[in-house]
Each structure stands twice: as C-alpha cells, then as structure tokens.
Amino acid sequence: MHPLNGHSAIVTGAAQGLGYAIAMAYARAGLRQVLLDVQAQRLHQVAAAVRALGAECLPLVVDLSDAAATGAAVAQGLAQYGPPRVLVHNAALLRERSLLEIDLAGWQMEVNIILQAAFILSQAVWQPMIDAGGGSIVYLSSGSGIKGFLKEVAYCPAKHGQEGLMKVLALEGEPFNIAVNSITPGAPINTPMSASNYPPELKERWIDPERLTPAFVHLAQLSAADGITGQRLNAWELSQQLTGAGPG
Ligand SMILES: NC(=O)c1ccc[n+]([C@@H]2O[C@H](COP(=O)([O-])OP(=O)(O)OC[C@H]3O[C@@H](n4cnc5c(N)ncnc54)[C@H](O)[C@@H]3O)[C@@H](O)[C@H]2O)c1
C-alpha cells in the first residue's frame, strides 16, 4: 500500500494540464482529494476519472480570484477530509498583455488567482496542518517567478510574489514541521496553457505533464523535518532523480 494511502490533498487547477496529471497521480497513490477549478464540466470529468481509479475526491467549482469563494471552498474541503497532507496550488491564468493593454480588473484577476489564493489557501490549511503535526505546501512556479517576460504584467509579478510568500511561510512553518516549497515544471509541458503560449519550437519537444508527477507524489510526503523547505524546486529534475530515468 502506498504511504500516502488514506491521507488527503488539496489540488487547485485540477481540471486540465499539469493539475489533471497531479490529480491522477495522487489518485493512484490513494490520496483523498479536494479538487478545485473554475471549469465545472472538465472538473467533474476529472473527478469521475479519479473515482474510476478507486480514489475518493470532492470536486469544488470555484473562481480562485474570488477571495470569499476561495475561503468557502477550502473550508468545505477541510470539513470533508480534515487536514491535508499536501496543498498544491497549481491554478494560474496567463493572459499575455503589456501595461497599456491590461486594465485593473484584469490585472487583479491574474494576481488573485496566483498570489491571493496562495495566501488564502495556505492560511486556511495552516492550523489544521499544525494540529496534524506537519504537512507540505507547494506552489507552482515558473521562469516568470524569477525573471521578467514581456507581456506578463500580471502573471510575472504574481509568480514573483508567490516565491516571496513561500520563503516567509517556510520560515514560519519550520517549527510546526510544515514544508513550504515552490516548484517549476523544468521542462516544456503539453498543456492547454502551453498550447496557447509556446512558440512552435517548444511544442516540438514538449512532454506529457504526467512525467513530472513523481516530484509531486514525493512532495506530498514531505515535512519540514525532511530538510526540503523554502526551496524553488524543479519538477522535471526531481522526477528524473526519483525514477532514476535518463534524460529525454
Ligand atoms: N505550461 C507551462 O509551460 C508552465 C510553465 C511554467 C509554469 N507553469 C505553471 O504550472 C501550472 C499549471 O499550468 P498548466 O500549463 O497546466 O496550465 P493550464 O492553463 O493548462 O491549467 C490551469 C488550470 O487552472 C485553472 N484556473 C484558471 N483560472 C482559475 C480560476 N479563476 N479559478 C480556479 N481555477 C482556475 C484552469 O481552469 C486550469 O484547469 C500553473 O501554475 C502555471 O503557471 C506552467
């Protein structure tokens, strides 16, 4: 039996792409999952696929840019499955727009999905994780979390902000055995976000996001005592190490 069997997870952005791959990997590990996404139909299809693997899940349709709705959804998830072993905040929205092309509402939407939701979700699981003796929080990062890119006026500062939140919470979490890390895919991945943003040359070598999931299964088992906290990890490299696979 997998060591994660019977524990629970909260995964955002689970309706497609990398979040879908993580949800399926967690289902195979026997985690009970709260799956959050704004796309109702796709999310319910993912929930059916998770259940077909014999795993439990609670799909919650929520707009993570909405603070009150996000708080209510995570509260419902906690009431259903108790303290999560892992929170993976994977949902994000990237709309390529420069400063003169974006309005305040559009800017806030991207920032709130990425950064505000990271804060709300982490704060909601914090005390339950303390009471449970520890846990693991993971934010999906990006090259946009450490450097600037044209037309990423909202996405890029939000990803930078998530890195800062991760570093502070890693310090706060250490005495409570809560590991807080960010993780970047580390390889081009074939997802709907990539389909609309990658140049053709990247699409020639993109990989199935399923290949990054060993890293997320590993992170679900972490606590601060394992010594991996406050770090910006690379899902491709970590997955390669864990599976002993060669390059490519
Ligand atoms: N695709 C890449 O190459 C790449 C590179 C670096 C980082 N990332 C990060 O990896 C993560 C997953 O990326 P992906 O390529 O699978 O993206 P994706 O766009 O394919 O999937 C993102 C998911 O987030 C959900 N989402 C968006 N807005 C939401 C909202 N308001 N409320 C709730 N859910 C919402 C979407 O419905 C979708 O299911 C993201 O955090 C992204 O920033 C991706």
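Notes on the structure follow. (Residues numbered from 1 in each chain as written. Predicted model: local features only at pLDDT ≥ 70, side-chain atom pairs only at ≥ 80, totals over all residues. Heavy atoms only, no water.)

**A few points about the pairing of strand E2 (residues 32-37)**
- For E2, a buried count of five out of six residues is recorded, marking the element as mostly surrounded by other parts of the structure.
- Sheet topology places strand E1 (residues 8-12) next to E2; five bridges connect them, and they run parallel. By the bridge assignment, isoleucine 10 is partnered in E2 with valine 34.
- Traced from E1 through helix H1 (residues 17-28) to E2, the parallel crossover comes out right-handed.
- Here E2 pairs with strand E3 (residues 57-61) via five bridges, running parallel. Residue pairing in the sheet places leucine 36 in a bridge with leucine 60 of E3.
- In this fold, E2 hands off to helix H2 (residues 40-52), which returns the chain to E3; that crossover is right-handed. (Buried < 20%, exposed > 50% of the residue type's maximum accessible area, 1.4 Å probe, protein only. Helix = DSSP H or I, 4+ residues; strand = E, 2+ residues; numbered from the N terminus. Pairing = 2+ DSSP bridges. Right-handed = clockwise from strand over helix to strand, strands pointing away.)

**Re the environment of isoleucine 183**
- The residue isoleucine 183 is located in strand E6 (residues 178-184) in this model.
- Put simply, isoleucine 183 and arginine 232 are 49 residues apart on the chain and 5.4 Å apart in space, counted from C-alpha to C-alpha.

**Overview of the pairing of strand E5 (residues 135-140)**
- Of all six residues that make up E5, six are buried, and the element is covered over most of its length.
- Burial of E5 is two-sided: the residues Gly135, Ile137 and Tyr139 facing one way and the residues Ser136, Val138 and Leu140 facing the other way are all buried.
- In this structure, strand E4 (residues 86-89) lies alongside E5, joined through four bridges in parallel fashion. Following the sheet pairing, valine 88 is matched in E5 by valine 138.
- Crossover handedness for the path E4 to helix H4 (residues 104-132) to E5: right-handed.
- By the bridge criterion, six bridges tie E5 to E6 in an arrangement that is parallel. Bridged to glycine 135 within E6 is isoleucine 178.

**Focus: helix H5 (residues 155-173)**
- Its 19 residues give H5 an end-to-end C-alpha distance of 26 Å, which sits within 8% of 27 Å, the value for a rise of 1.5 Å per residue.
- Listed as buried for H5 are Tyr155, Cys156, Ala158, Lys159, Gln162, Glu163, Leu165, Met166, Leu169, Ala170 and Gly173.
- Those residues of H5 that are buried lie in contact with E4, H4, E5, E6, helix H6 (192-197) and strand E7 (232-234). (Expected span 1.5 Å × (residues − 1). Contact = heavy atoms within 4.5 Å.)

**Focus: the nonpolar core**
- The biggest cluster of nonpolar side chains holds 42 residues, and the ones touching the most others in it are Tyr26, Leu35, Val50, Val88, Ile183, Leu212 and Phe216.
- Of all the elements in the fold, those that place two or more residues in this core are E1, H1, H2, E4, E5, E6, helix H8 (213-219) and helix H9 (235-243).
- Looking at which element gives the most residues to this core, the answer is H1, with seven residues.
- Residue contacts for phenylalanine 216: discarding those within four places in its chain leaves Leu18, Ile22, Tyr26, Val88, Val138, Leu140, Ile183 and Ala235.
- Residues Leu36, Ala73, Val125 and Ile178 belong to the second largest nonpolar core, which totals 28 residues. (Core = buried A, V, L, I, M, F, W, Y, C linked by side-chain atoms within 4.5 Å.)

**Quick notes on the pattern of salt bridges**
- What the rule picks out here adds up to four salt bridges.
- Between glutamate 110 and arginine 97 there is a salt bridge, and its shortest N-O distance comes to 3.5 Å. With glutamate 110 in helix H4 and arginine 97 in the loop between E4 and H4, the pair connects residues that are 13 residues apart, well separated along the chain.
- Between glutamate 101 and lysine 151 there is a salt bridge, with its nearest N and O atoms 2.9 Å apart. A residue pair is termed long-range when its members are at least 10 positions apart, and glutamate 101 in the loop between E4 and H4 and lysine 151 in the loop between E5 and H5 qualify at 50 residues.
- Here lysine 151 falls in the partly exposed class, since its relative accessible area comes to 34%. (Salt bridge = Lys/Arg side-chain N within 4 Å of Asp/Glu carboxyl O.)

**Description of the packing of aromatic side chains**
- In the structure shown here, the tally under the stated rule is one aromatic pair.
- With a centroid separation of 6.0 Å and 45 degrees between ring planes, the pair formed by tyrosine 198 and tryptophan 206 is classed as tilted.
- Here tryptophan 206 falls in the partly exposed class, since its relative accessible area comes to 24%. (Phe/Tyr/Trp six-rings, centres within 6.5 Å; stacked < 30°, edge-to-face > 60°.)

**Here we look at the site of the ligand**
- In the vicinity of the ligand there are 27 residues, among which Asp37, Asn90, Tyr155, Thr191 and Tyr198 approach most closely.
- Methionine 193 is positioned such that a nitrogen or oxygen atom in its backbone is 3.2 Å from an oxygen atom of the ligand.
- Within the side chain of tyrosine 198, one N or O atom sits 2.4 Å away from an oxygen atom of the ligand.
- Bound to the protein, the ligand loses 92% of the 820 Å² it would expose on its own. (Near = heavy atom within 4 Å. Polar contact = N/O pair within 3.5 Å; in protein donor to acceptor, adjacent residues only side chain to side chain. Areas by Shrake-Rupley, 256 points an atom, 1.4 Å probe, with all protein chains shown as cover.)

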